[in-house]
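Descriptive analysis of the structure
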Amino acid sequence: MEHLISTSKLKVLFPVIFSVIFLAGCWDVKEVNDLAIVIATGIDQIEDNQIEVTFLLYVPNPSGGSSGEQTGSSQNTYAISTTGDTFSDAITELETKVPRRIFWGHSNMFVFSSELAKNGLVEQTDFIVRTVEPRGQAQIYISEDQAKPLLEKFIKLNIAELFSKLPKDKYLKSVTLKELAGMLVNHSQAGVIPVSYTNEINTATEKIEAFAVNGSAIIHHGKLVKILTGDMDVGSHWIVFPKTDVPISLSPEGTKGKMSAVSIRKSYKYLPKIKDGNWTMEIKVKADLEILQNTTNLDIFKQPVIDRLEKEFNEKIKADINVFLDQVHTNLNADVFQFYEAFHRKYPEESTKEKQNWDQQFKNIQVTVKVDTNINNTGVTNLHIDKR
């Protein structure tokens, strides 16, 4: 009996012994060297209504990285393309080609070709937004040409630096996967997606590829209807991408030279109104500007000069916004601004009645723009050109 454990002691020890089973924290561990990490994805439309998906994979060094090789270097980065009727079919084929577990937790970018976007984004994005693995903050772009060559060029870039800085770049337009999902479920399935490409830059010793964004892809009813670039697209920075800083230049009346500034803070507000059967929308834009360069003979440290410049900047920004509005609202009739949702919040009954006929009602909305700028930083010097 001396060697037998008492019943009371057994009652104490049993929970402790039983709990040890659940303290083994490594039973489902996923070693990084067993993964193929998806860092970017390009989707193209090909023949027979199939799609070609190009995956930019980072394959960690099986030796554990003891060589000191930097993450994002081209030696461990591969572009692999698969085809299928759907995005999930392409992933299934990828899994048969890559002897590692596909990991989406570091997926930073999805690029859709313009040809695929013209046929519709909803079906091919269903898998991306439905599964939990891709990051909601992954960046979304439209490629004016095929997405595959763009992804293949990324191999030559410093990928780690590129993808870490993309979301923080204050001059690049940005749409996330989460925002794309919201765009495709709004009433008009309309929105704006930045257009991406790689730009060749000549240095003193070589030519290098750099990632660039230029233009806006207008999405209506889930499909690409037009790409706007240049002067037609400037207004999108003010009422679609308020987080971007916008350089702006003008030639003040009665002077030679130019005044250049950049927005350091900006916001906009929609003010819908229905009166006597007329639907109107007032867009109010506010912006704080910082003067970058003054090549005129104006002394920008004098308040009357600042007041005058603010009025001229107001008119310049308003004109840029109206050019963008003319393209999207008048010509394309695409509610990328979510006017329907704005009217529905204030006039739920009236907007619901027009829901099935919204394209026509949207076209009839009278839109006005008011801009209020404030120059709150003129620089650290009052140097200006006295004689012109």
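This is a predicted model, so every value here is computed, not measured. The residue count restarts for each chain, going from 1 along the sequence in the order it is written. Restriction of local features to residues with pLDDT of at least 70 applies here, the model being predicted, together with a cutoff of 80 or more for giving and counting side-chain atom pairs; totals for whole chains, interfaces and linings are based on all residues. Based on all heavy atoms of the structure, the side-chain values leave hydrogens and waters out of the count.

**With respect to the side chain of Asn 314**
Definition in use: Only DSSP runs of H or I reaching four residues or more are called helices, and only runs of E reaching two or more are called strands; each is numbered from the N terminus. Working definition: with a 1.4 Å probe on protein chains only, accessible area under 20% of the residue-type maximum means buried, over 50% means exposed, and in between means partly exposed. Any two residues whose heavy atoms approach within 4.5 Å at even a single point are treated as in contact.
Tracing the backbone shows Asn 314 in helix H9 (residues 303–331). Classification of Asn 314 as buried rests on a relative accessible area of 15%. Residues in contact with Asn 314, not counting those within four places in the same chain, are Val 371, Asp 372 and Thr 373.

**Some words on the confidence of the model for the protein**
Heads up, the condition is: A score from 0 to 100, pLDDT tells how confident the predictor is in each residue.
On average, residues of the protein score 84 in pLDDT, and 82% of them reach the 70 mark or higher. Low confidence marks residues 62–73, where pLDDT is under 50. Its contacts with residues over four positions away, or in another chain, come to 14 contacts.

**Quick notes on the packing of helix H2 (residues 87–97) against helix H4 (residues 122–130)**
Convention followed: Geometry is summarised by axes, namely lines fitted to C-alpha atoms with helices restricted to the contacting stretch, and by angles between N-to-C directions that run from 0 to 180 degrees. Each angle gets one of four labels, with under 35 degrees taken as roughly parallel, over 145 as roughly antiparallel, 65 to 115 as roughly perpendicular, and the rest as oblique. Side-chain classes are defined by residue name, with Ala, Val, Leu, Ile, Met, Phe, Trp, Tyr, Cys and Pro counting as nonpolar, Asp, Glu, Lys and Arg as charged, and the others, Gly among them, as polar.
One can describe the packing of H2 onto H4 by two numbers: an axis separation of 8 Å at closest approach and a directional angle of 60°. When the axis of H2 is compared with that of H4, the two are oblique. Contacts between H2 and H4 involve Phe 87, Ser 88 and Ile 91 on the former and, on the latter, Gln 124, Phe 127 and Ile 128. A class-by-class count of the residues in the contact of H2 with H4 yields four nonpolar, two polar and no charged.

**A word on the pattern of salt bridges**
So the rule is basically this: Within this document, salt bridges are pairs made up of a side-chain nitrogen of Lys or Arg and a carboxyl oxygen of Asp or Glu, the two lying within 4 Å of each other.
All chains considered together, the criterion is met by eight salt bridges. A salt bridge links Lys 173 to Asp 233; its shortest N-O distance comes to 2.5 Å. Highlighted residues: Lys 173 in the loop between helix H6 (159–165) and helix H7 (177–185) and Asp 233 in the loop between strand E9 (223–228) and helix H8 (236–239), separated in sequence by 60 residues. When sorted by exposure, Lys 173 lands in the same class as Asp 233, which is buried. Asp 320 is the partner of Lys 316 in a salt bridge, and the nearest nitrogen-oxygen pair spans 2.9 Å. In this pair, Lys 316 and Asp 320 both sit in helix H9, four residues apart, roughly one turn of the helix.

**Comments concerning the pairing of strand E6 (residues 139–143)**
Filter applied, for reference: Strand pairing requires that DSSP identify at least two bridges connecting the strands.
Summarising burial for E6: five of the five residues are buried, a large majority. Of the two faces of E6, the one carrying Gln 139, Tyr 141 and Ser 143 and the one carrying Ile 140 and Ile 142 are both buried. Strand direction decides the pairing type here: strand E5 (residues 109–113) and E6, joined by five bridges, are parallel. For Ser 113, the partnering residue across the bridge sits in E6 and is Ser 143. Two strands pair when backbone bridges link them, and E6 and strand E7 (residues 191–202) are joined in this way by two bridges, in the parallel orientation. Directly across from Ser 143, in E7, lies its bridge partner Ser 196.

**What to know about the packing of aromatic side chains**
What counts, and what does not: Ring geometry is summarised as follows: Phe, Tyr and Trp rings, the Trp one being its six-membered ring, pair when their centres sit within 6.5 Å, and such pairs are stacked at plane angles under 30 degrees, edge-to-face over 60 and tilted between the two.
Scanning all chains against the criterion turns up 15 aromatic pairs. A centroid spacing of 5.7 Å and a plane angle of 55° characterise the contact between Phe 339 and Phe 362, whose relative ring orientation is tilted. In this pair, Phe 339 is assigned in helix H10 (residues 339–346) and Phe 362 in helix H12 (residues 358–364), connecting sequence segments 23 residues apart. For Phe 339, a relative accessible area of 0% corresponds to the buried category.

**What to know about the environment of Ile 201**
Among the secondary structure elements, Ile 201 is positioned in strand E7. Relative accessible area serves as the criterion here: at 36%, Ile 201 is assigned to the partly exposed category. Discounting residues that sit within four places of it in the chain, Ile 201 has contacts with Glu 206, Lys 207, Ile 208 and Ala 210.

**Observations concerning the sheet that holds strand E11 (residues 259–275)**
Judged by pairing direction, the sheet is mixed, and its four strands sit side by side in the order E10-E11-E12-E13 without closing on themselves. At either end of the open sheet lies a strand with only one pairing partner, and these are strand E10 (247–250) and strand E13 (366–377). Taken over all neighbouring pairs, the strand axes of this sheet differ in orientation by 40° on average, direction set aside. In this structure, E11 lies alongside strand E12 (residues 278–294), joined through 16 bridges in antiparallel fashion. Residue pairing for E12: Lys 273 is matched across the bridge by Thr 280. In the packing of H9 onto the sheet, contacts are made with E10, E11, E12 and E13, and the angle to E13 comes to roughly 145°. Here H10 sits on the sheet and contacts E11, E12 and E13; the angle it forms with E11, its principal contact strand, is near 50°.

**Points about unusual backbone geometry**
For Asn 49, which is not glycine, the phi dihedral falls at a positive 60°. Inspection of the secondary structure puts Asn 49 in the loop between strand E1 (35–45) and strand E2 (51–58).

**Here's the deal with the environment of Asn 199**
If you trace the backbone, Asn 199 turns up in strand E7. Residue classification places Asn 199 among the partly exposed positions, given a relative accessible area of 33%. Asn 199 sits eleven residues away from Ala 210 along the chain, and the two C-alpha atoms are 5.1 Å apart. In this view, Asn 199 contacts Ile 208, Glu 209, Ala 210 and Ala 212; residues no more than four positions away in its chain are not counted.

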